[in-house]
Amino acid sequence: MAGVRGRRQIKGSIMSGTGHTGGGTVTITLDGTNKSVKIPLTSGTVGPDVLDIRKLYNELGIFTYDPGYGGTASCDSRITYIDGDEGILLHRGYPIQQLAEQSSFLEVAHLLLNGELPNAAEKKAFEDGVMKHTMLHEQLRRFFDGFRRDAHPMAIMCGVVGALSAFYHDSLDINNAEHRRISAFRLIAKVPTIAAWAYKYSVGQPFMYPRNDLGYAENFLYMMNAVPAEPYHVNPVLARAMDLIFILHADHEQNASTATVRLSGSTGANPFACIAAGIASLWGPAHGGANEAVLKMLAEIGSVENIKPFLEMVKAKDNHARLMGFGHRVYKNFDPRAVIMQATCHAVLKELGIKDDPLLDLAIELEKIALSDPYFIERKLYPNVDFYSGIILKAMGFPTSMFTVLFAVARTTGWISQWKELIEDPSQRIGRPRQVYTGAVARDYVPLAGR
Ligand code: CMC
């Protein structure tokens, strides 16, 4: 078979046309040909303008190349806005600082899902709606027994959340608005129960059934820490800290796990399957697994005098070592969630009567040294939300293996809001990235004897 082709060199130029916010075009011309295309320049309510390249392939026969999607918008969204240079995070327009100080997790969930803060009646209806779905189908209890005792709770989360699709057939029609509403309630309500039971399973304690008379975070702490043999009182300061941690992790626009949920959802897969896919994507240490990795890293460093050699190793990129809890694809100044998390960390340690926490001291010193090091300054690497969250969660008694699970509990609200927005968007199509093929060109099969 003939037809060996090398990588073609194509020259082109982009001539800016009438580009301005909210309209205009950019003309792309393939040099040496008479082919050119006017690309519409479009924009959101805030943020940079974008080239709408949808007709580029049809008109010029070329794709765009953007591994990691750093320069590509995959959807329109009205849920969350981030300005990474200014350290701004808005949910439906409301700054994260105001939501963290004045709101509650379920109110933020209502905001993300429905677009507006609820009035008093809507708030109560939403909270009641979520809280009455906290129980799991009793047969799902037995599902846990199939896991090894030492299973990572994130593995249990992936499995059991995916299995919800096998138990709630009555709400799986993605084109039915009422089904979407019930599925969202079920996911937000049941994920804390699954998370707490994953923990109970790992320590061999009886599963605690949810208590719908408690608040969302309060009920979660109850299911995690109570045992049937004794009364258990949830510390309100810790319940508030838990609620705040949930708010800070609730949504973060098109990160890897949310993009995974949207990509899965674009195929018409049911919401439970899509959220299970999101949980799998969150697990990695570059994403939600970072909070667990931060504590492992701090334990490895051990003491202040080991910080400098550790940072030298990171800077030399030995064994792919990274300063965990530092850096972010979008935030290049500061992560506003990290600032709130650091303040919460001090409040929680004070409430728990922990005056000197060696891990916190180490983290503060590590942050100080890294922030004055040219390697981190030049690359705009700052502490992210996960740098301090692990220290708080550890002080609250969570084992490190549960840290990413807590992230998943909170992010379920963002995922399901983004999934709902996707399904309700009339312009949504199946997600299907293209590729630059760099493999072998067409060649003839060689029989075994000839190889
Ligand atoms: N430690 C050391 N070097 C780093 C780090 C880090 N944490 N992060 C980035 N760099 C370096 C990287 O090696 C590269 O250097 P060079 O220019 O010499 O090649 C440069 O900074 C740019 O890095 P990048 O990999 O292109 O950045 P990215 O936007 O693709 O990655 C990130 C973002 C969050 C994956 C990365 O910063 C990272 O791995 N951080 C540690 C893991 C972490 O804390 N993740 C939690 C993110 S926040 C919670 C969440 O949303 O999940």
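Residues numbered from 1 in each chain as written. Predicted model: local features only at pLDDT ≥ 70, side-chain atom pairs only at ≥ 80, totals over all residues. Heavy atoms only, no water.

(A) Up close: the packing of helix 8 (residues 216-225) against helix 9 (residues 236-248). Their axes nearest at 8 Å, the elements helix 8 and helix 9 cross at an angle of 110°. Viewed along their axes, helix 8 and helix 9 adopt a mutual orientation that is roughly perpendicular. Taken as a pair, helix 8 and helix 9 cross one another with a handedness that is right-handed. Of the residues in helix 9, those in contact with Tyr216, Ala217, Glu218, Phe220 and Leu221 of helix 8 are Leu238, Ala239, Met242, Asp243 and Phe246. Taken together, the residues of the contact of helix 8 with helix 9 break down into 8 nonpolar, no polar and 2 charged. (Axes fitted to C-alpha atoms, helices over the stretch in contact; angles between N-to-C directions. Helix = DSSP H or I, 4+ residues; strand = E, 2+ residues; numbered from the N terminus. Parallel < 35°, antiparallel > 145°, perpendicular 65-115°, else oblique. Left-handed = near helix turned anticlockwise from the far one by under 90°. Contact = heavy atoms within 4.5 Å. Nonpolar A, V, L, I, M, F, W, Y, C, P; charged D, E, K, R; others polar.)

(B) Molecular detail of the pairing of strand 5 (residues 80-83). Covered by surrounding structure in strand 5 are Thr80 and Ile82 only, the residues Tyr81 and Asp83 on the alternate face being uncovered. Direction of pairing for strand 5 relative to strand 6 (residues 88-91): antiparallel, over a ladder of 4 bridges. Looking at the pairing, Thr80 lines up with His91 of strand 6. Hairpin connection from strand 5 to strand 6: 4 residues lie between these consecutive antiparallel strands, with Gly87 at a positive phi of about 70°. (Buried < 20%, exposed > 50% of the residue type's maximum accessible area, 1.4 Å probe, protein only. Pairing = 2+ DSSP bridges.)

(C) Broad picture of the site of the ligand. Neighbouring the ligand are 22 residues, the closest being His287, Arg322, Leu323, Gly325 and Arg329. In this structure, Gly325 approaches the ligand through a main-chain N or O atom, which is 2.8 Å from an oxygen atom. Protein contacts shield 75% of the accessible area of the ligand, which totals 940 Å² for the unbound molecule. For the shell around the ligand, the residue count by class is 11 nonpolar, 6 polar and 5 charged. (Near = heavy atom within 4 Å. Polar contact = N/O pair within 3.5 Å; in protein donor to acceptor, adjacent residues only side chain to side chain. Areas by Shrake-Rupley, 256 points an atom, 1.4 Å probe, with all protein chains shown as cover.)

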